[in-house]
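Notes for the structure review
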Amino acid sequence: MILTVNTSRPYRILIERGCLGRAGEEAARVFPKGAKAAVVTDSNVGPVYARRIAASFSAAGFQTSVFTFPAGEEHKRLSVVSEMYAAFSEQELTRSDFIAALGGGVTGDLAGFAAATYLRGIRFLQIPTSLLAQIDSSVGGKTGADLPEGKNLVGAFHQPSLVLIDPDTLSTLPEPFFADGMGEAVKYGCIRDRALFEKIAEGNIKEEMESMICRCVDIKRELVERDELDNGDRMLLNFGHTFGHALEKLHGYKGLTHGEAVGIGMVMMCRCSEAAGLTEPGTAGKIASALRTYGLPVSDQMEPNRIAEAARLDKKSRGGSINLVLLRKIGESFLHPVPRGELGRFLEALS
Ligand code: NAD
């Protein structure tokens, strides 16, 4: 399947089993003949896939190099981006060359940020290999790195020039990361597509992985096109993230993964909004049951007032109120601004 994202600079997303082997051919439709290709990957993904990508790029006439950094969120930092700049300079990469991000969301965010900033911006290609990256982070142009003060505090909007999604790469993805991605897939069903939600909730999704990825990516495409810079409808993608981020922070970014935290955040948010009469009763229970199917947790012992406080102080929220993402029912979401100081009252339903 091919989707086109009509952002300020439109680009194509190819979703097809086995398309990794055609990476060079596909890149040749977008990047100039003879360009240099700097593949950026991590220490888990590189050994499995980088050689195949490099061979495909070289066969298509690109001069290819590979930069590998240690895998893991703890390496999503500016010092690794600096090392990338050094490697790109050494290879004398120019603005007619390109970067290829091969890996999960950490690789895509870091390589995308390096692409956004090196020489004030060169083009890049996303080849996402984790489920989360395939359905979410590789599309939409959010790039960045973490700071010691918090996650994703530095970044830039920089849309890729092409996204190649090969669902076959998920065969080597460790199960906990697969579950993490399923948390995000449940989110897409919740905010936009009841039928997708029900299909996911049934289980057996591995047999329909390609069509699930296509549907999730298409939802992201639609929201990104409507709101490229994240000032309105794109925020609906943050369903579950207000309390999810708060929980990740309170757990010191250890113990709970991002997907687990977002899953718990979705259930918590729905329990509160059901109590406030804003959401169809029973919605939180349905989400919890879908998450359990993929082994994801649905609750946390953290006290509601600590969660409210952490969410209230979120560095990335703006103004005097917080835009909560709520569901009317499964498949229908809306933004609900709540004054910062009233967040605790909203969360009282959990006490
Ligand atoms: P990740 O990149 O750390 O990948 C998870 C793990 O799986 C890593 O150990 C990685 O090496 C490994 N891996 C990935 N693909 C593999 C494969 N096919 N085979 C074997 N191992 C593989 O993390 P993630 O879960 O992919 O993404 C999380 C990151 O994405 C976070 O930093 C988050 O902030 C970011 N994110 C960004 C956006 C965005 O819009 N830019 C959206 C959501 C999340």
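Located above this text is the structure these notes cover.
One structure accompanies this document, and this report is about it. (Residues numbered from 1 in each chain as written. Predicted model: local features only at pLDDT ≥ 70, side-chain atom pairs only at ≥ 80, totals over all residues. Heavy atoms only, no water.)

1. Here's the deal with the sheet that holds strand E3 (residues 36-42)
As a reminder, the rule being used: For two strands to pair, DSSP has to find at least two bridges joining them. Helix and strand assignments come from DSSP, with helices taken as H or I runs of at least 4 residues and strands as E runs of at least 2, each series counted from the N terminus. Here an angle of 0 to 180 degrees is reported between the N-to-C directions of two axes, which are lines fitted to C-alpha atoms, with helices fitted over the stretch in contact. Contacts are assigned to residue pairs with any non-hydrogen atoms lying within 4.5 Å of each other.
The strand order across the open sheet formed by 7 strands is E1-E2-E9-E6-E5-E3-E4, and the pairing between neighbours is mixed. In this open sheet, the two edge strands, each paired with only one partner strand, are strand E1 (2-5) and strand E4 (63-69). With direction set aside, neighbouring strand axes in the sheet form an average angle of 20°. Relative to strand E5 (residues 98-103), E3 runs parallel, the two sharing 5 bridges. For Val39, the partnering residue across the bridge sits in E5 and is Ala100. Against the sheet, helix H2 (residues 45-59) touches E3, E4, E5 and strand E6 (123-128), its axis set at about 170° to E3. Its contacts with the sheet put helix H8 (residues 209-226) on E1, strand E2 (11-15) and strand E9 (162-165), and the angle it makes with E1 is roughly 15°.

2. Details of the pairing of E6
What counts, and what does not: Three exposure classes are used, based on accessible area relative to the maximum for each residue type with a 1.4 Å probe and protein chains only: buried under 20%, partly exposed in between, and exposed over 50%. Call a crossover right-handed when, viewed with both strands pointing away from you, the route from the first strand across the helix to the second goes clockwise.
In terms of burial, E6 is largely enclosed, as 5 of its 6 residues are buried. Sheet topology places E5 next to E6; 6 bridges connect them, and they run parallel. Looking at the pairing, Ala100 lines up with Leu125 of E6. What joins E5 to E6 is helix H4 (residues 105-117), and the crossover it makes is right-handed. Looking at chain direction, E6 and E9 are connected through 2 bridges and run parallel. Residue pairing in the sheet places Leu125 in a bridge with Leu162 of E9.

3. Some points on the layout of surface pockets
Here is the rule we go by: Space inside and on the surface of the protein is sampled on a 1 Å grid over the protein atoms alone, with a cavity defined as a set of points where a 1.4 Å probe fits but cannot get out and a pocket as an open set with protein on both sides within 12 Å along at least 5 of 7 lines; lining residues have an atom within 4 Å of a point. Grid points are joined across faces, edges and corners, and a volume is the space filled by probe spheres set on the points. Amino acids are sorted into nonpolar (Ala, Val, Leu, Ile, Met, Phe, Trp, Tyr, Cys and Pro), charged (Asp, Glu, Lys and Arg) and polar (every other residue, Gly among them). In this document the domain limits rely on a domain assignment from an automatic tool or a database.
In this structure, the second largest pocket spans a volume of roughly 240 Å³. Lining the second largest pocket are 13 residues, with Pro167, Leu170, Ser171, Lys206 and Met209 positioned closest to its centre. For the lining of the second largest pocket, the secondary-structure elements that each account for two or more residues are helix H6 (175-192) and H8. Counted by class, the lining of the second largest pocket contains 5 nonpolar, 1 polar and 7 charged residues. Each of domain 1 (2-172) and domain 2 (175-350) contributes no fewer than three residues to the lining of the second largest pocket.

4. So, the site of the ligand
To keep things clear, this is the line we draw: If a single non-hydrogen atom of a residue is within 4 Å of a molecule or strand, that residue counts as near it. Identification of polar contacts relies on pairs of N or O atoms within 3.5 Å, with a donor-acceptor requirement for protein atoms, meaning one able to donate a hydrogen and the other able to accept it, and with residues adjacent in sequence counted only if both atoms are side-chain atoms. Methods summary: accessible areas were calculated by the Shrake-Rupley approach with a probe of 1.4 Å, and residue burial reflects only the protein chains presented.
Taken together, 24 residues form the shell around the ligand, and within it Asp42, Glu73, Gly105, Ser130 and Thr172 come nearest. Between the ligand and Gly105, the relevant distance is 2.7 Å, taken from an oxygen atom to a main-chain nitrogen or oxygen of the residue. In the complex, 91% of the free accessible area of the ligand, which totals 850 Å², lies under the protein chains. Along the lines of polarity and charge, the residues of the shell around the ligand split into 8 nonpolar, 9 polar and 7 charged.

5. Re helix H9 (residues 241-250)
Of all 10 residues that make up H9, 7 are buried, and the element is covered over most of its length. Along H9, the residues that are buried comprise His241, Thr242, Phe243, Gly244, Ala246, Leu247 and Glu248. Buried residues belonging to H9 abut strand E8 (150-157), H6, helix H10 (258-275), helix H12 (304-312) and strand E10 (321-329). Looking one or two residues past H9, Gly252 carries a phi angle of roughly 65°, positive in sign.

6. Quick notes on the packing of aromatic side chains
For clarity, the cut-off: We call Phe, Tyr and Trp rings a pair once their centres come within 6.5 Å, taking the six-membered ring for Trp, and we label the pair stacked below 30 degrees between planes, edge-to-face above 60, and tilted otherwise. Throughout this description, the term charge over a ring refers to an Arg CZ or Lys NZ atom that lies within 6 Å of the ring centre and within 35 degrees of the ring normal.
A full pass over the atoms with the stated rule returns 6 aromatic pairs. Here Phe57 and Phe62 contribute two aromatic rings whose centre-to-centre distance is 6.0 Å and whose plane-to-plane angle is 85°, an arrangement assigned as edge-to-face. When the ring of Phe62 is compared with that of Phe98, the centres are 5.1 Å apart and the planes differ by 85°; the resulting orientation is edge-to-face. With Phe62 in the loop between H2 and E4 and Phe98 in strand E5, this residue pair connects regions lying 36 residues apart in the sequence. Among the residues examined, Phe62 registers a relative accessible area of 4% and is labelled buried. Put simply, the rings of Phe31, Phe57, Phe62 and Phe98 pair up and form one aromatic cluster. For Arg328, the ring lying beneath its charged end belongs to Phe334, and the centroid distance is 4.4 Å.

Distances and angles like these do not, on their own, reveal function.
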